[in-house]
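Letter by letter, the chains look like this.
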Amino acid sequence: MLVFEELKQRGLIAQCTNEEKVRDLLDNHTGIPFYIGFDATADSLHVGHFLQLVVMSRMQKAGHKPIALIGGATTMIGDPTGKTDMRKMLTREEIDHNAGCFRRQMRRLVDFSEGKAVMVNNADWILPFNYMEFLREVGVHFSVNRMLTAECFRSRLEGKGLSFLEFNYMLLQSYDFLHLYRTMGCKLELGGDDQWSNIINGADLIRRVDGKDDAYGMTFTLLTTSEGKKMGKTEKGAVWLDPEKTTPYEFFQYWRNIDDADVIKVMKLLTFMPLEEIAAYEKLEGSQLNSAKEKLAHELTAMVHGQEEADKALEAAKAVFGGGVSSENMPTTELTPDDFEDGVIGILSLLVKCGLAASNGEARKLVQGGGVSIDGEKVADPKATVAKGSFDGEKIIKKGKKTFHKVVLK
């Protein structure tokens, strides 16, 4: 199957500036440079980025050349898309550190050897730019009226307002496309569907400045649940690709526990499993879908953390779901003497400390709803405490039917 058709059948393509031209570019030519941008807003990539890297890898396997653009400059402004408030302003040092973390993680999923892919940083061409030159070369081609119709700006204007700083973001991302078009022959920008406005303005800038009509944009489906909510969130926050922030076991468990309605969709979007194999899983119903969830979780964990970690997580999960709980690869929280007051720690504080609840209020609801047990004994009283002296090696906290967490005393 040709790459464009496969992307389409997997449900990855959301919009194209010119579907016929993009299909021809990807299916009838090889070595086409394309780029995806990643702003270095944190010290790890997360599940949302994972989908973009999978698309990048899939395109690379089809013979095209990925350009991974690290937004060393654009991160200094912050993309207003999907945000109700302005992003936290990061220092250059923080951005450089985050960019280094991104590079290490990307190499796990995209092959950068022997020039098969390129990694660039837009700080190299944006930061030296004279502002007046930028306004005259780039700003003159942007209509404020048109920009204000973009969803990323309109929603902010209707809410808490939009700073002039963020208003520049679209121009800078558009200029990235122009720069890569001129210097690397990049004719295609890819991104999540929430980036549509930024992407089409980049292609339009190339047409206006260089008079060329051979640059295109394509967006892919956002990773959302069947209810339309973004995937990749837990009580502890985002699901990260860094094993220090989200352990391989936690990563595995996130996918093992997704809703039945989302399993096949995620298989198509994120794995390299053949569509014929996925079609066989699509026929399963009810409890049979657990085997599909297990397969999905193992595939994705192996892609991000390697086969060995995926096997460990699978073994631990089978023990948990089979009733014989193995704590070896469970996420673990270490308590120190400072966590105890008068030799005890309250159950609510313990749940929050372990990341099993976001607040004491949420923890209280869990306990009152009968969803918490320690070492097999249900905890029904929100005022219950755990004594420091009761620790003999480890304690296993169970939340609901599927979430297990190990607690040890340091």
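Read on for an overview of the structure.

Parameters and conventions
- Along every chain, residues carry numbers that run from 1 in the direction the sequence is written.
- The predicted nature of this model means local features are confined to residues of pLDDT at least 70 and side-chain atom pairs, given and counted, to a pLDDT of 80 or more, with totals for whole chains, interfaces and linings taken over all residues.
- As a rule here, side-chain values cover all heavy atoms of the structure and leave hydrogens and water aside.
- The way it works is that DSSP assigns letters per residue, a run of H or I at least four long becomes a helix, a run of E at least two long becomes a strand, and they are numbered from the N terminus.
- Within these notes, the globule rule equals 2.2 Å times the number of residues to the 0.38 power, and the radius of gyration is based on C-alpha atoms.
- Note on classification: 1.4 Å probe, protein chains only; a residue is buried when its accessible area is under 20% of the maximum for its type, exposed when over 50%, partly exposed between these limits.
- Should any heavy atoms of two residues lie within 4.5 Å, those residues are considered in contact.
- Each accessible area is a Shrake-Rupley result for a 1.4 Å probe, and residues are judged covered by the shown protein chains and nothing else.
- Under the counting rule used here, the positive set is Lys and Arg, the negative set is Asp and Glu, and His together with the chain ends is not counted.
- For charged residues, the charge sits on one atom: NZ in Lys, CZ in Arg, CG in Asp, CD in Glu.
- Criterion for a salt bridge: a side-chain nitrogen of Lys or Arg within 4 Å of a carboxyl oxygen of Asp or Glu.
- Lines fitted to C-alpha atoms define the axes, with helix axes restricted to the stretch in contact, and inter-axis angles between N-to-C directions lie between 0 and 180 degrees.
- What sets the label is the angle itself: under 35 degrees gives roughly parallel, over 145 gives roughly antiparallel, 65 to 115 gives roughly perpendicular, and the rest give oblique.
- By the convention adopted, Pro, Cys, Tyr, Trp, Phe, Met, Ile, Leu, Val and Ala count as nonpolar, Lys, Arg, Asp and Glu as charged, and the other residues, Gly among them, as polar.
- Classification of ring pairs rests on two measures: the distance between centres of Phe, Tyr or Trp rings, Trp counted by its six-membered ring, which must be within 6.5 Å, and the angle between planes, read as stacked under 30 degrees, edge-to-face over 60 and tilted in between.
- The criterion is that NZ of a Lys, or CZ of an Arg, lies within 6 Å of the ring centre and within 35 degrees of the ring normal, and then a charge sits over that ring.

**What about the overall build of the protein?**
Okay, so step 1: Looking only at helices and strands, the protein features 18 helices and 15 strands.
Okay, so step 2: Against the 2.2 N^0.38 benchmark of 22 Å for 410 residues, the protein shows a C-alpha radius of gyration of 24 Å, consistent with a compact globule.
Okay, so step 3: Expressed as lengths along the three principal axes of its C-alpha atoms, the size of the protein is roughly 75 × 45 × 40 Å.
Okay, so step 4: Buried positions account for 51% of the 410 residues belonging to the protein.
Okay, so step 5: In the protein, the share of contacts with a sequence separation of at least 24, taken over all contacts with a separation of at least 6, comes to 72%.
Okay, so step 6: Surface exposure of the protein reaches about 19200 Å², of which carbon and sulfur atoms provide 48%.
Okay, so step 7: Positive and negative charge centroids in the protein, built from 52 and 59 side chains respectively, lie 2 Å apart.

**Describing the pattern of salt bridges**
Two side chains that carry opposite charge are able to pair once their charged atoms sit near each other.
Okay, so step 1: For the coordinates displayed, the defined rule picks out 20 salt bridges.
Okay, so step 2: One salt bridge in this structure joins Asp260 and Lys293, with 2.7 Å as the shortest N-O distance. Taken together, the residues Asp260 in the loop between helix 12 (248-256) and helix 13 (263-270) and Lys293 in helix 15 (residues 289-305) connect sequence positions 33 residues apart.
Okay, so step 3: Given a relative accessible area of 36%, Asp260 falls into the partly exposed group.
Okay, so step 4: For Lys293, a relative accessible area of 3% gives the class buried.
Okay, so step 5: Salt-bridge contacts for Lys268 lead to Glu282; the nearest nitrogen and oxygen are separated by 3.9 Å. In this pair, Lys268 sits in helix 13 while Glu282 sits in helix 14 (residues 275-282), placing the two residues 14 residues apart along the sequence.
Okay, so step 6: A cluster of three or more residues bridged by salt bridges with shared partners is formed by Glu5, Lys8, Glu19 and Arg23.

**Points about the packing of helix 13 against helix 14**
Okay, so step 1: Where helix 13 meets helix 14, the axes come as close as 10 Å, and the angle between the chain directions of the two elements is 170°. The orientation of helix 13 with respect to helix 14, classified from their angle, is roughly antiparallel. Facing Ile264, Met267 and Lys268 of helix 13, the residues of helix 14 in contact are Leu275, Ile278, Tyr281 and Glu282.
Okay, so step 2: Of the residues assigned to the contact of helix 13 with helix 14, the class counts are five nonpolar, no polar and two charged.

**Looking at the packing of aromatic side chains**
Okay, so step 1: Tallied over the full model, the rule gives eight aromatic pairs.
Okay, so step 2: Relative to Trp255, the ring of Phe251 has its centre 6.2 Å away and its plane inclined at 70°; by these criteria the two rings are edge-to-face. Here Phe251 and its partner Trp255 are both found in helix 12, four residues apart, which amounts to about one turn of the helix. No difference in accessibility class separates Phe251 from Trp255, as the two residues are buried.
Okay, so step 3: By way of ring pairs, the aromatic residues Phe50, Phe251, Tyr254 and Trp255 are connected into one cluster.
Okay, so step 4: Between Arg107 and the ring centre of Phe112, over which it is positioned, the NZ or CZ distance is 5.2 Å.
Okay, so step 5: For Lys245, the ring lying beneath its charged end belongs to Trp240, and the centroid distance is 4.7 Å.

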